[in-house]
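Below are the chains, spelled out letter by letter.
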Amino acid sequence: MKQKNWIRDVALILAANTIYALGVVMFLLPNGFIMGGTTGLALAAKNYFNIPITGFVTVFNIGMFLLGAGILGKKFAMTTILSTFYYPFILGVLQNIPELAQTGGDKMLFAVLGGGMIGIGIGIVIRCGASTGGMDIPPLLIRRFFGVPVSLTMYALDVAILLLQASFSDRIQILYGILLVLLYTIVLEEVLIMGESKTQVKVISTKYEEINEMIIRDLDRGSTLLHGETGFLREERPVVLTVISNRELPKLSRAVQEMDPEAFLIISQVKEVRGRGFSLQKMWGERENRPL
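These remarks concern the structure in this document. Because the structure is a prediction, the values reported are computed rather than measured.

## A short note on the packing of aromatic side chains
Then comes step 1: Evaluated as defined, the whole model comprises eight aromatic pairs.
Then comes step 2: Ring plane angle 50° and centroid distance 6.2 Å describe the contact between Tyr86 and Phe89, whose orientation is recorded as tilted. With Tyr86 and Phe89 both in helix 4 (residues 74-95) and three residues apart, this pair spans about one turn of that helix.
Then comes step 3: Overall, Phe89 belongs to the exposed group, its relative accessible area being 52%.
Then comes step 4: Put simply, the rings of Tyr48, Phe49 and Phe168 touch in pairs and so form one group of aromatic residues.

Listed below in structure tokens is the structure:
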């Protein structure tokens, strides 16, 4: 099973880097967009020193990889080596296919598509427990030595890279660059939680026993009884807590209302749930008061 997971992760990392490179080659480079990350540095190097983008990305990624591997260890190296060498390779291959370049259309649409593809690519790589290398590595090193959060450092570096390109870019390009950074950051975050978000429901009712049994029996979900006390009459009343999939919410709501029209439901979204029934396989036959 572990070997199958490893093969799957490798395939996903290669596919994700290909999506990332496609976004850059199809939408960013042909339209003169500026951006953050390693590719943004490569764009600056090309304009200031006429260094080919693929060559800069290759040298920079290898340098960052060696630095990260020397400080962060072998495990880091193993999760980063694929992206470090594959991304500049596939970027160079795709740049040699002129038919891919999209120009002459709606630049706003191209910015949205390019930012979306970059966010998807980076998100898939991170979900596989790997790193895209390059500009991912300095934030990790800064956190290691100075304790600064990775996200804060990444934002600061992206802004600095955009400013570095400001001297050869007009105001519109700079605005598109800011838009791109915002877009791929949002898409990246959505990819990271995709399929993991669930609905948490708390039910306060005098018929908590029946509702608890219904959740276990009909929805096949675990539940937890929390100690509760009404604020006005000071009556003890357990609160039924459960986490369900988003699609199961209407069914649960209808069932609770049928049992107790006066039941009080508190519904909220949770980004990720781990445990039996979600990240762990269910053990069939477990029924009595299964914990979340």
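Let us keep going from here.
## A look at the pairing of strand 1 (residues 198-204)
Then comes step 1: The pairing of strand 1 with strand 4 (residues 264-270) spans seven bridges and is antiparallel. Residue pairing across strands places Thr199 opposite Gln269, the latter belonging to strand 4.

## Looking at the sheet that holds strand 2 (residues 224-226)
Then comes step 1: One open sheet holds the four strands; their spatial order is 2-3-1-4, and the pairing between them is antiparallel. Strand pairing shows two members of the sheet lacking a second neighbour, strand 2 and strand 4, which therefore form its edges. Neighbouring strand axes in the sheet, compared pairwise and without regard to direction, differ in orientation by 25° on average.
Then comes step 2: Relative to strand 3 (residues 239-244), strand 1 runs antiparallel, the two being bridged by six bridges. Within the sheet, the bridge partner assigned to Thr199 lies in strand 3 and is Ile244.
Then comes step 3: Set on the sheet, helix 9 (residues 208-217) makes contact with strand 1, strand 2 and strand 3; between it and strand 3 the angle comes to about 20°.
Then comes step 4: Packing of helix 10 (residues 249-259) onto the sheet brings it into contact with strand 1, strand 3 and strand 4, and relative to strand 4 it is tilted by some 170°.

## Topic: the nonpolar core
Then comes step 1: Core analysis: the biggest nonpolar cluster contains 41 residues, and Val24, Leu28, Met35, Leu91 and Ile118 have the highest contact counts within it.
Then comes step 2: Setting aside chain neighbours within four positions, we find Leu28 in contact with Gly23, Phe33, Met35, Gly114, Ile118 and Leu180.
Then comes step 3: Counting 13 residues, the second-largest nonpolar core is a separate cluster that includes Val203, Met214, Ile215 and Val240.

## Digging into the pattern of salt bridges
Then comes step 1: What the rule picks out here adds up to six salt bridges.
Then comes step 2: In this structure, Glu248 engages Arg221 in a salt bridge whose closest nitrogen and oxygen atoms are separated by 3.1 Å. Of this pair, Glu248 sits in the loop between strand 3 and helix 10 while Arg221 is found in the loop between helix 9 and strand 2, placing the two residues 27 residues apart along the sequence. Both residues of the pair, Glu248 and Arg221, belong to the buried class.
Then comes step 3: Connected through shared salt-bridge partners, Glu213, Arg217 and Asp218 make up one network.

## Some details on the packing of helix 3 (residues 53-72) against helix 6 (residues 137-146)
Then comes step 1: Orientation of helix 3 relative to helix 6, taken along the N-to-C sense of each, is 25°, at an axis distance of 10 Å. Our classification of the angle between helix 3 and helix 6 gives roughly parallel. Crossing of helix 3 against helix 6: the hand is left-handed. On helix 6, the residues that touch Met64, Phe65, Leu67, Gly68, Ile71 and Leu72 of helix 3 are Ile137, Pro138, Leu140, Leu141, Arg144 and Phe145.
Then comes step 2: Each residue belonging to the contact of helix 3 with helix 6 can be placed in one class, and the counts come to ten nonpolar, one polar and one charged.

Criteria and cut-off values
Sequence order as written defines residue numbering, which begins from 1 separately in each chain. Totals for whole chains, interfaces and linings use all residues, but because this is a predicted model, local features are given only for residues with pLDDT of at least 70 and pairs of side-chain atoms are given and counted only at 80 or more. Note that the side-chain values use all heavy atoms of the structure and ignore hydrogens as well as water. For this analysis, a ring pair means two rings from Phe, Tyr or Trp (six-membered ring only for Trp) whose centres lie within 6.5 Å, classed as stacked if their planes differ by under 30 degrees, edge-to-face if by over 60, and tilted for the remaining angles. Each helix is a run of H or I in the DSSP string that is no shorter than four residues. Each strand is a run of E no shorter than two, and both are numbered from the N terminus. Each residue gets one of three labels from its accessible area relative to the maximum for its type: buried under 20%, exposed over 50%, partly exposed in between, using a 1.4 Å probe on protein chains only. Strand pairing requires that DSSP identify at least two bridges connecting the strands. The angle between two axes is taken between their N-to-C directions and runs from 0 to 180 degrees, where each axis is a line fitted to C-alpha atoms and a helix contributes only its stretch in contact. Pairs of residues are marked as contacts when any of their non-hydrogen atoms sit within 4.5 Å. For our purposes a nonpolar core is just a set of buried Ala, Val, Leu, Ile, Met, Phe, Trp, Tyr and Cys residues, chained together by side-chain atoms within 4.5 Å. The rule for a salt bridge is simple: a side-chain nitrogen of Lys or Arg has to be within 4 Å of a carboxyl oxygen of Asp or Glu. Reported orientations rely on four angle classes, namely roughly parallel under 35 degrees, roughly antiparallel over 145, roughly perpendicular from 65 to 115, and oblique for the rest. Crossings are sorted by hand: turned counterclockwise from the far helix by less than a right angle, the near helix makes the crossing left-handed, and turned clockwise it makes it right-handed. Any residue outside Ala, Val, Leu, Ile, Met, Phe, Trp, Tyr, Cys, Pro, Asp, Glu, Lys and Arg is labelled polar, Gly included; the first ten of those are nonpolar and the last four are charged.

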